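Listed here are the chains, written in short residue letters.
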Amino acid sequence: MKALLIGRLIRNLRNHKQQTMTEFAGSINISQSALSKIENGTQEASITIIESVCDICGISMYDFFKMLDEKIEVNIGTYIKDPALEQHKINQELHELIDTMTEEQQKALYVFLLPYQK
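None of the values given here were measured: they were computed from a predicted structure.

Student: What exactly am I supposed to notice about unusual backbone geometry here?
Tutor: Backbone geometry follows two general trends: most residues other than glycine have a negative phi, and most peptide bonds adopt the trans configuration. Here Q18, not a glycine, exhibits a phi torsion of approximately 55°, which is positive. The topology assignment puts Q18 in the loop between α1 (2-16) and α2 (21-27). In this structure, N29 is a non-glycine residue whose phi angle is positive, near 60°. Its location among the elements puts N29 in the loop between α2 and α3 (32-39).

Next up, the structure:
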């Protein structure tokens, strides 16, 4: 889960710089395919890569992780604070989230949820 959130943050930072994956990957000295895997959450970003991303984007590591924590809180807070969120909306968002997962991530989620089946 954390790898996916870090990947999404890196993608957002790259998009903010208006760079292609190839350009950004070259800037941080990794391949385009490695960047793609990181952005999609299928490969974890090393501290070295995160440091490079921060350098290229002109932010500190503190700012990077603060943005990451704020994003997590915003996502969780949206669901906790919104009592009007209807069940069908939750189902729709779950389906959309699951559709973005790799087959391996979907299997892991299934195994995780099995004990909670009614």
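Student: Explain the packing of α1 against α3 to me, please; I cannot follow it from the model alone.
Tutor: Packed helices, taken two at a time, are described by their axes: the angle between them and the distance between them. One way to put it is that α1 packs onto α3 with a least axis distance of 7 Å and a crossing angle of 120°. Taken together, the axis directions place α1 and α3 in an arrangement best described as oblique. On α3, the residues touching A3, G7, R8, I10, R11 and R14 of α1 are L35, I38 and E39. A class-by-class count of the residues in the contact of α1 with α3 yields four nonpolar, one polar and four charged.

Student: Would you take a moment to explain a nonpolar patch on the surface for this structure?
Tutor: Taken together, L94, L97 and I98 make up a surface patch of nonpolar side chains, about 220 Å² in accessible area. Here L94 is to be found in helix α6 (residues 87-99).

Student: For this particular structure, what's the right way to read the pattern of salt bridges?
Tutor: Close approach of charged atoms lets side chains of opposite charge pair. Scanning the entire structure with this criterion turns up three salt bridges. The partner of R11 in a salt bridge is E39, with the nearest N and O atoms 3.4 Å apart. Within this pair, whereas R11 is found in helix α1, its partner E39 is found in helix α3, the two being separated by 28 residues in sequence. In this structure, the salt-bridge partner of K107 is E103, at a minimum N-O distance of 3.3 Å. One end of the pair is K107 and the other is E103, both in helix α7 (residues 103-113) and four residues apart, which spans about a single turn. Assessed through its relative accessible area of 56%, E103 is described here as exposed. If you follow the salt bridges from partner to partner, you end up with R11, R14 and E39 in one network.

Student: Sorry, what's going on with α1 here?
Tutor: Look at α1: 21 Å from first C-alpha to last across 15 residues, which is about the 21 Å you get at 1.5 Å a residue. Those residues of α1 that fall on the buried side of the exposure criterion are A3, L4, L5, I6, G7, L9, I10, L13 and R14. Note on α1: the residue one or two positions beyond its end, Q18, has a positive phi of about 55°.

Rules behind the numbers
- Residues numbered from 1 in each chain as written.
- Predicted model: local features only at pLDDT ≥ 70, side-chain atom pairs only at ≥ 80, totals over all residues.
- Heavy atoms only, no water.
- Helix = DSSP H or I, 4+ residues; strand = E, 2+ residues; numbered from the N terminus.
- Axes fitted to C-alpha atoms, helices over the stretch in contact; angles between N-to-C directions.
- Parallel < 35°, antiparallel > 145°, perpendicular 65-115°, else oblique.
- Contact = heavy atoms within 4.5 Å.
- Nonpolar A, V, L, I, M, F, W, Y, C, P; charged D, E, K, R; others polar.
- Patch = residues over 30% accessible without salt bridge, like charges linked within 9 Å, V, L, I, M, F, W, Y side chains within 5 Å.
- Areas by Shrake-Rupley, 256 points an atom, 1.4 Å probe, with all protein chains shown as cover.
- Salt bridge = Lys/Arg side-chain N within 4 Å of Asp/Glu carboxyl O.
- Buried < 20%, exposed > 50% of the residue type's maximum accessible area, 1.4 Å probe, protein only.
- Expected span 1.5 Å × (residues − 1).

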